[in-house]
Amino acid sequence: MNPLLSSPAWKDVERHAQGLRGRHLRDLFATDPTRFQRLSVRWNDWLLDLSKQRITPETLPLLAELWNSAAVPGWIARMRAGEPINHTEGRAVLHFALRHGGGPIMLDGADVMPDVRAVQGQMRGFCDAIHSGRWRGATGEPISDIVNIGIGGSDLGPRMATQALAAHHVPHLRVHFVANLDGADLATTLAGLAPRTTLFIIASKTFTTQETMQNAASARAWLTAALGEAAVSRHFVAISTALDRVAAFGIDPDNAFAFWDWVGGRFSLWSAIGLSLALAIGHEKFAQLLAGARAMDEHFFSAPPLENLPALLALIDLWNSDFLGLQTRALLPYSQSLGLLPRYLQQLEMESLGKQTDRDGKLVGCPTQPILWGEPGTNGQHAFYQLLHQGGRALSCEFIACRAADFPLAGHHAKLLANCFAQSAALMQGKTAAEACAELESAVPPAPTFLAPYKTFPGNQPSTTLLLPKLDPHTLGALIALYEHKVFTLGALWNLNAFDQWGVEYGKQIANTLLPMIEGKTPVANIDSSTAGLIAACK
Ligand code: F6P
């Protein structure tokens with residue numbers, strides 16, 4: 001069991017939680033008019049409002065004791081020193097080096113920064129060549145369309161950030177993303193493209209992932225059918241830690257961008273995996289993204305827990321999950337541009353922390369990562385918010401909004417903010433039966449009072465609101481790094497290795513045994529009757 005669970009700090013929080021569980025957020029607001037001031041935190045021009053969480057000003061200092069008891073600062077130091085804190089894979093965790101400013105970052109006695117800078121220089125040169133039209137396709141035409149083929153961490157980060165920074169895209173270049181093994185993904189993407197002006201980026205840390213290898217092979221067949229084998233070197237580049245496999249696939253080593261096993265797939269946006277994004281927004285803006293992440297790194301590495309945004313988000317998640325029993329969290333960005341953030345964070349958080357075996361090979365002994373899901377507002381309001389308000393399930397919500405619009409169309413942004421703040425207020429305060437009744441009676445003309453139970457809202461649904469200045473590369477970089485460090489903190493608190501993903505392997509392993517059965521190459525044997533029946537039904 002996680003030793004933190006038997007610590008005095010944990011017991012103090014448990015005692016405190018017992019006293020708070022019966023209190024309604026509406027009452028907490030009514031009894032403390034300074035609640036917002038006391039429970040919101042600022043960082044530069046960001047605002048993190050925790051006042052709608054089911055906490056009091058006494059809660060956060062108690063939770064901060066967990067940060068100390070779990071020795072989170074010590075884990076940060078070990079990460080920064082290049083220790084193999086991903087112990088099941090024997091790897092260091094140094095993705096922050098990819099946005100590091102100056103000075104060496106040591107791994108096994110060597111500075112990793114010269115290699116990092118060399119690949120960054122290679123990316124810059126490649127972006128310039130594509131943007132200037134110097135890089136030509138096999139028929140001499142400039143590239144108009146980039147297709148990133150990758151999955152998981154080799155897709156979600158650049159895809160999410162490319163959409164998030166739509167207001168910053170360079171003109172005359174379209175960037176597409178293909179991930180799914182289902183041929184519909186690649187086929188529908190290629191349908192609108194011309195081989196002469198299309199360049200593929202094959203992004204895979206391992207260069208063995210089935211989905212990516214299949215899509216890469218099909219993309220290559222599409223290209224060579226039109227332009228011949230010799231065209232591959234002008235239309236394919238690759239990003240991987242396995243440059244030998246890149247060469248074996250037939251991609252020119254000069255067109256390969258390296259990264260390293262100390263970069264976890266879901267933490268790899270900052271590496272050459274971000275090439276598609278750098279092409280979409282230009283290298284200067286990609287550098288601003290890195291600078292934003294660096295600013296968040298410096299904040300996380302130095303701020304005390306009660307002022308430290310990643311620490312606070314982590315402690316609130318732990319509080320909701322382990323002390324209030326909330327097992328889902330809805331991520332609700334009121335930003336169309338951040339529409340893919342929930343999906344991106346599903347991998348970052350659930351692949352990192354969706355575990356029950358702790359660093360010592362024992363059961364953690366408490367609930368860990370909640371189920372994370374979400375949609376951008378206001379769309380979600382017309383889909384699932386009904387359940388949030390009246391479905392009788394307690395969960396935590398996380399609202400993200402920007403003070404200024406990235407696409408400032410007259411009449412839109414104030415309404416968007418009004419909806420965001422209205423939702424968190426409604427979820428917090430609810431509406432009593434008496435209030436509903438009074439509202440119906442005072443309506444003109446008066447409405448039937450039998451509607452009162454239908455118009456009653458329990459409220460007490462906690463939420464966090466993160467208010468950002470404006471979505472730009474710097475802000476986005478800091479936002480992603482915020483969540484990375486939150487994941488790191490929760491890993492330390494739950495005594496989990498947040499950097500492996502053994503749970504993903506088992507399904508892959510079974511798929512490999514089923515494939516020859518579905519293809520009719522081996523008999524359907526040694527599997528359960530349901531799976532055998534499904535295979536038979538496909539024949
Ligand atoms: O989903 C499992 C996983 O290993 C992720 O961690 C990773 O981001 C993804 O597969 C893709 O892996 P690769 O970049 O090696 O193709």
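With respect to topology, six strands assemble into an open sheet ordered S1-S2-S13-S12-S10-S11, the strand pairing being mixed. Bordering the open sheet on either side are strand S1 (40–43) and strand S11 (371–373), each of which pairs with just one other strand. Within the sheet, the average angular offset between the axes of one strand and its neighbour, ignoring direction, is 15°. Against the sheet, helix H14 (residues 309–323) engages S1, strand S2 (46–49), strand S10 (328–333), strand S12 (396–404) and strand S13 (463–470), with an angle of about 20° to S2.

Now for the environment of Pro 33. Note on placement: Pro 33 falls in the loop between helix H2 (25–31) and helix H3 (35–38). Since its relative accessible area comes to 73%, Pro 33 is described here as exposed. Sequence separation of Pro 33 and Ile 85 is 52 residues, and the distance between their C-alpha atoms is 44 Å.

To continue, consider the domain arrangement of the protein chain. In terms of domain boundaries, the protein chain breaks down into domain 1 (3–69 + 308–493), domain 2 (107–286) and domain 3 (504–538). Between the C-alpha centres of domain 2 and domain 3 there is a distance of 33 Å.

Another aspect to go through is the packing of aromatic side chains. Throughout the structure, instances matching the rule amount to 19 aromatic pairs. Summarising the aromatic geometry, the rings of Phe 200 and Trp 222 are spaced 5.8 Å apart at their centres and angled 90° between planes, so their arrangement reads as edge-to-face. Of the two residues, Phe 200 is situated in strand S7 (residues 198–203) and Trp 222 in helix H9 (residues 210–227); the sequence distance between them amounts to 22 residues. Judged by relative accessible area, Phe 200 falls into the buried class, the value being 0%. A relative accessible area of 23% means that Trp 222 is categorised as partly exposed. Chaining the aromatic ring pairs together yields one cluster made of Trp 67, Phe 96, Phe 267, Phe 300, Phe 301, Phe 488 and Phe 499. The ring of Trp 270 carries the charged tip of Arg 99 above its face, separated from the ring centre by 4.6 Å. Cation over ring: Arg 234 sits above Trp 135, and NZ or CZ is 4.2 Å from the ring centre.

Thresholds applied
Residues numbered from 1 in each chain as written. Predicted model: local features only at pLDDT ≥ 70, side-chain atom pairs only at ≥ 80, totals over all residues. Heavy atoms only, no water. Pairing = 2+ DSSP bridges. Helix = DSSP H or I, 4+ residues; strand = E, 2+ residues; numbered from the N terminus. Axes fitted to C-alpha atoms, helices over the stretch in contact; angles between N-to-C directions. Contact = heavy atoms within 4.5 Å. Buried < 20%, exposed > 50% of the residue type's maximum accessible area, 1.4 Å probe, protein only. Domains from an automatic or database assignment. Phe/Tyr/Trp six-rings, centres within 6.5 Å; stacked < 30°, edge-to-face > 60°. Lys NZ or Arg CZ within 6 Å of the ring centre and 35° of its normal.

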